[in-house]
Amino acid sequence: MRRELEALEDHREKPEIPAAVFPKALLMLWLCRLRSFNALHVLGRRGAGRRFLRQDMPSADQIANNSEILDVPGLRAILGRMYKRLGRNKVLVAMRGHRLAVVDGHEINCSYKRCCPKCQKRQITVNGQKRTQYYHRAVVFQLVGPGFRFLLDFELLEPHDDEGTAALRLIRRVLETYPRCFDILLGDGLYPQARLFKLLRQHGKHALVVLKDERRDLLKDARGLFGPKPQRTFRSGATAYRCWDVEDLDSWDSYHEKVRVVRSVETTTLRERKKDRWIERQQTSEWVWVTTLPAAEVPTATIVCFGHERWRIENEGFNELCNQWHANHYFHHHPTSITALWLMLFIAHALFHCFLRNIKPCLRQSLPVYIWAQLMLVEFLLPLLSSA
Ligand SMILES: [Zn+2]
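All values derive from a computational prediction rather than experimental measurement.

Cut-offs applied
- Residues numbered from 1 in each chain as written.
- Predicted model: local features only at pLDDT ≥ 70, side-chain atom pairs only at ≥ 80, totals over all residues.
- Heavy atoms only, no water.
- Phe/Tyr/Trp six-rings, centres within 6.5 Å; stacked < 30°, edge-to-face > 60°.
- Helix = DSSP H or I, 4+ residues; strand = E, 2+ residues; numbered from the N terminus.
- Buried < 20%, exposed > 50% of the residue type's maximum accessible area, 1.4 Å probe, protein only.
- Lys NZ or Arg CZ within 6 Å of the ring centre and 35° of its normal.
- Contact = heavy atoms within 4.5 Å.

A. How the structure looks around the packing of aromatic side chains. This model, assessed by the stated rule, comprises 13 aromatic pairs. Consider the rings of F154 and W342, whose centres lie 5.3 Å apart with planes at 25°: the pair is stacked. Here the residue F154 occupies a position in strand β4 (residues 148-156), and W342 occupies one in helix α12 (residues 335-357), the gap between them amounting to 188 residues. Using a relative accessible area of 4% as the deciding quantity, one classes W342 as buried. Relative to W311, the ring of W287 lies with its centre 6.0 Å away and its plane at 80°, an arrangement referred to as edge-to-face. On the criterion of sequence distance, the pair formed by W287 in strand β10 (residues 277-291) and W311 in helix α11 (residues 311-324) is long-range, its members being 24 residues apart. You can call W287 partly exposed: its relative accessible area is 21%. Owing to a relative accessible area of 34%, W311 belongs among the partly exposed residues under this scheme. A cation over a ring is seen here: R122 above Y135, with NZ or CZ 3.9 Å from the ring centre. Between the NZ or CZ atom of R216 and the centre of the ring of W252, over which it lies, the distance is 4.9 Å.

B. Just the environment of V304, in detail. Note on placement: V304 falls in helix α10 (residues 300-309). Counting along the chain gives 26 residues from V304 to W278, while the straight-line C-alpha distance between them is 30 Å. In contact with V304, not counting residues within four places along its chain, are F234, Y241, C243, V262, S264, E266 and W289.

As structure tokens, this is what we get:
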């Protein structure tokens, strides 16, 4: 890994920072989950941080300037090698015989003042006044398997892109680079797009995405065909599922192949304590998915299970990255810097979860995940404090 990170800076001319220091400093930034380049500068000056770098720590400005020329394809190649290693070591495995991937968009940050030429813009009314807000949005591709997930790629939206266009670019790149990394692509209500379905079917892949736009003919037709009685019912834990499954729907104007629509009405029994007694409450939710998966290959209950796996990019991806890794702001506001730092974050995220996976289960389960992250930071901080 060290050699791979050092290779990223092979051909770069930034004499003020030795080539080997910069990638290691950024890896330290993410592994210690620091909030800024200034915090990184302080951590890397002395103690274990200094010993890890083996050279002088660059200033926060130097790190920011150099992050603008980071080798983005090189970082993607590192993630690719990690993906292959995780597959060979049976860490990333298929779920019920299928390899799943999730794609979703995320807004990183927004500002009324700070912008760059690649910022997206929108008009916001504040106290009756229209103001221009600048923001960056990105699409992330995550592989999900039982017990592990891996953030494989990242695509920043161009100034006039919509999320679908960037997602298409991202999926096309993944399909070209790792054609066997997934069988089924999961997505939210933004992804029932004919261009996406066509691309996936051209490569022999399937789509399974949320269908929630009530104006669409496809959903109207499917609702007309759902009978009053569910075709399939089952129970999992505290949730009862009532499912409807309709195949061979051809009312999608821009997509000429037949699709399948699955509806699941889920009732979960919740127990709540009110004053001095427990009461039971029922919560019902409805989900509808459109998919190209044939019923003969994937039964209704499996479609429902896979459909809910989409939430893992929200919970294990964006929520963790933003709340625990401080990814919801710009360390340096520059498109290359943003992309490169998120890709490095994916590398650190995978390394951390591999480290966690290799701890004995009885020890790992004795502490929450964030405590393990804090212990890692303390390893760096303690020698720093003792030498002060
Ligand atoms: Zn910008």
